[in-house]
Amino acid sequence: MAKILVVDDEVHLRVLYKAEFESEGYEVQVAANEQEAHGTVAAFKPSVIILDIELGDGNGLQLLKQLREQLQDCSIILHTAYSTYKADFQSWLADAYIIKSSDLRPLKAKVKELLTKESCGK
Amino acid sequence: MMATIEDPVAAGEVGSEVQNSFRRYFEASRVGLFVIDRDAKLSYVNERAAEIFGFAHSGNIGQTEISQLDFFFSQSVVERIAGLLRFDESFKIDRMPGTNLAGHFAYYCLACHPMHDSNGRVSGVMGIIEDFTEQEKINRELKRTVDELSILSQISQVVSSALDTEQILEVILTAVTARQGLGFNRAFLFLLDEAGEYLTGKLAVGPANAEEAGHIWSTLANDDRSLLETLSKYLRQTGNTQSNLFSLIEGQRIDISNGSLFARCIREKQPMVIDDQTVLDPVTERIFGRLGEKHAAMTPLISLDRPIGLLIVDNAITREQITEQDCRFLKLIADQSASAVERSYLYRDIRDRALELEAMNVRLAEIQNQIIQAEKMSVIGEITSAVAHELRNPLTIIGGFANLVCKNCAPGSPEAEYLNIIISETQRAESVLTDVMDFSKASKTADRRLDFNGLVGEAVEMMAMRMGNGKKRLNVKLSDVPLFVWGNSEQLRHAVYQVILTILHDLDANMQPHVQTFMLADMVRLEIHFLDGRQKMQSLEKALGQYFGPGCSSKRLSLLVAEEALKHHGGNLGIESGIKEGPILYIELPLRREEGDG
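Just so it is clear, the structure is predicted and the values come from calculations on it, not from any experiment.

**What about the overall build of chain B?**
A tally of helices and strands in chain B yields 15 helices and 19 strands. Contacts spanning at least 24 positions in sequence make up 66% of the contacts within chain B whose residues lie at least 6 apart.

**Here we look at helix α3 (residues 75-87) of chain B**
Residues and elements named next belong to chain B. Its 13 residues place the ends of α3 18 Å apart at the C-alpha level, agreeing with the 18 Å of an ideal helix rising 1.5 Å per residue. Among the residues of α3, those classed as buried are V77, I81 and L84. Along α3, the residues classed as buried sweep out an arc of 50 degrees about the axis, all on the same side. Projecting away from the buried face of α3 at angles above 90 degrees are the exposed residues Q75, S76, R86 and F87. Its buried side turned inward, α3 meets β1 (32-37), β4 (91-99), β5 (105-116) and β6 (122-131). Just past α3, the residue D88 takes up positive phi, approximately 60 degrees.

**A word on the pairing of β1(B)**
Residues and elements named next belong to chain B. Taken across its six residues, β1 has five buried, putting it largely inside the fold. Across six bridges, the pairing between β1 and β6 is antiparallel. Within β6, the residue paired with L33 across the bridge is I128. Pairing analysis gives three bridges linking β1 to strand β2 (residues 41-45), with the strands arranged antiparallel.

**Remarks on unusual backbone geometry**
In this structure, K45(A) takes a positive phi of about 50 degrees despite not being glycine. Along the chain, K45(A) turns up in the loop between α2 (34-44) and β3 (48-51). On the neighbour-count criterion, K45(A) (12 C-beta atoms within 10 Å) is exposed. The backbone phi angle of L304(B) is positive, close to 50 degrees, even though this residue is not glycine. Position of L304(B) among the secondary structure elements: in the loop between β11 (296-303) and β12 (306-314).

**Notes on the environment of K407(B)**
For K407(B), the position within the fold is in helix α10 (residues 324-407). As for K407(B) and L419(B), which are separated by 12 residues in sequence, their C-alpha atoms are 9.8 Å apart.

**Overview of the interface of chain B and chain A**
The accessible area lost on association of the parts is a frequent measure of interface size. Each partner contributes to the interface: chain B provides 29 residues, whereas chain A provides 21 residues. Mapped onto the side of chain B that touches chain A, the elements with two or more residues apiece are α10, α11 (414-442), α12 (452-467) and α13 (489-505) of chain B. For the side of chain B that touches chain A, the element with the most residues is α10(B), which contributes 13 residues. Broken down by class, the residue content of the side of chain B that touches chain A amounts to 10 nonpolar, 10 polar and nine charged.

**Topic: the environment of S337(B)**
Residue and element names in this part refer to chain B. Structurally, S337 is set in helix α10. For S337, a count of 27 C-beta atoms within 10 Å gives the class buried. With residues up to four places along the chain from it excluded, the contact list for S337 reads V159, I172 and L301.

**A short note on the sheet that holds strand β17 (residues 523-529) of chain B**
Residue and element names in this part refer to chain B. Spatially, β14-β16-β17-β19-β18 is the arrangement adopted by the five strands of the open sheet, whose pairing is mixed. Two strands bound the open sheet, and with one partner strand each, they are β14 (475-477) and β18 (572-577). Between one strand and the next, the sheet's axes are offset by a mean angle of 25 degrees, whatever the strand orientation. Direction of pairing for β14 relative to strand β16 (residues 514-520): parallel, over a ladder of three bridges. Considered in β16, the bridge of V476 is made with V515.

Parameters at a glance
- Residues numbered from 1 in each chain as written.
- Chains lettered and ligands numbered in written order.
- Predicted model: local features only at pLDDT ≥ 70, side-chain atom pairs only at ≥ 80, totals over all residues.
- Helix = DSSP H or I, 4+ residues; strand = E, 2+ residues; numbered from the N terminus.
- Contact = placed C-beta atoms within 7 Å.
- Expected span 1.5 Å × (residues − 1).
- Buried ≥ 20, exposed ≤ 12 C-beta atoms within 10 Å, placed from the backbone.
- Arc of directions from axis to C-beta.
- Pairing = 2+ DSSP bridges.
- Nonpolar A, V, L, I, M, F, W, Y, C, P; charged D, E, K, R; others polar.
- Axes fitted to C-alpha atoms, helices over the stretch in contact; angles between N-to-C directions.

This is the structure we're talking about:
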């Protein structure tokens, strides 16, 4: 079963994504901030990380860089309310950039695509 | 002292009181008087006339035939005096050169009138003669001064109407060589550099050889234009004056810190005549050797007590001697010209400053406009961005949960219908937010000066992280000198990164491309060389073909976007064939120089 880690400071969004992806058959864990994310990845070993950029007291792009160095084989999707970060050089480290929307189909499609790519690469 | 007269005027006839009175008057006269009798013999000279003719006072002039006066009078004058005895007509000669018995040359004024006896017949000739040499000398000096003033005035008139340095220099040299001007055969102008250390050959006017001189001067022989007209003509035709002669001084630099005659002339601010007696130092000898003439004059160009150049003139074709007087006048022209040149320098500086100021004003207006726009956009952008972000999350949650709940509702039920309304309205609100945030995004990044090496370094580092360390390595050699470009940092970063990433994505892992940056003319350039074997080259060319060849693919699209961004910044993206190493991929952007850059 593929593992997904959702990092977002909005509690309701964490609840929504967990419910949605678990209903799709994924194993999901959530983290509210940078610290929780670091605490989870080592043990959980996610295949995909859905990462918010504005993390309240943390910076998602910094976390992206750290996670990228730490996890070479993990796909990371930046999931944010801002489209502006797409032009930020640091955001290009992510495998995908998805604008938050009530329509979760693009997000789910991207997760599926990345997991398929990953399994093909192995 | 009175000259001795053996045969006094009209001997035998003189005796009356009146005649004695006349005689005393003649002898005391300050003008030369002489009498020729009817037999064409010089019978009387007064003291002044004796002095003019150079006679001794021993009285040996009596009965001298006028034909014997040919040492003084020309043959034509002798004939005119003799003719006076026959034809009874007075005559006057205003300027008559003559050399007397003592060998003294002078200019004279001569008037001769017939004398008549009681029967009305011509009995002799009364002559009046005066030495006009001093007067002639004064006249000549006066004429020369008037001529010089006229030349000076005409040159002044022309150069005062010119503001361009080149024009003024050409007019000056033309005036120095023109027949109506100073009339030197050739003129060479050297200008002093700003540091006042070197004279550099700037302009030359005159015929290159005797043949050319003959051609030019015969053409100008019938030219009756005044100096003013001639100079005005040259002023209108600036650029045509430079002759073949210039090759003699072109590129010649004279160091004036040494003891050459040039240095002395500049230092002492005085003109100088160079002739056979002048001892030439090696520097002066070298230059005059090039000119092929060792008789010349030179004068410094002095303006406001500061030397700005040196003028050399010669008469290499006519071999006419250059006098001190010529030299003095040349100095006068040179000094006046130097003032005009100095004025043209000032004008040029003022004009350049004005242009700079104008450009700065335009730039300032642009920047002011940009600042106003940027401030407006920045404020609006920040507000809209903040509001949109705050709305985005709640909408995502509302719509997301509506979707989740809707999936568990029976299709067609009122609950499902209501939830679909919520979902649809949420999506409409999100669409509005997207538009608002796109607007705010555009205001975020302003153009600025960028370190191109920094952009490339970041892109390479990012690419290494993205593709996994150790998988594909780049050999990078960035320029040692800073390379600056101007533009939108995000767009240019994206372009550089996208080019490297796209090209290297499909590249064989063993191929190690070389990336280098450098400056090429006014552009900064990034080149990616592929130095592997020819076999791999073929696959590389094939791979590059899909990006740069015809057709459309998603990868090509990425490069097209990058190319557009680069072109928008005045640069380019392309591929060219290397001599040995196969294709070279390049990015180039205009170099941005700023004050203070090395």
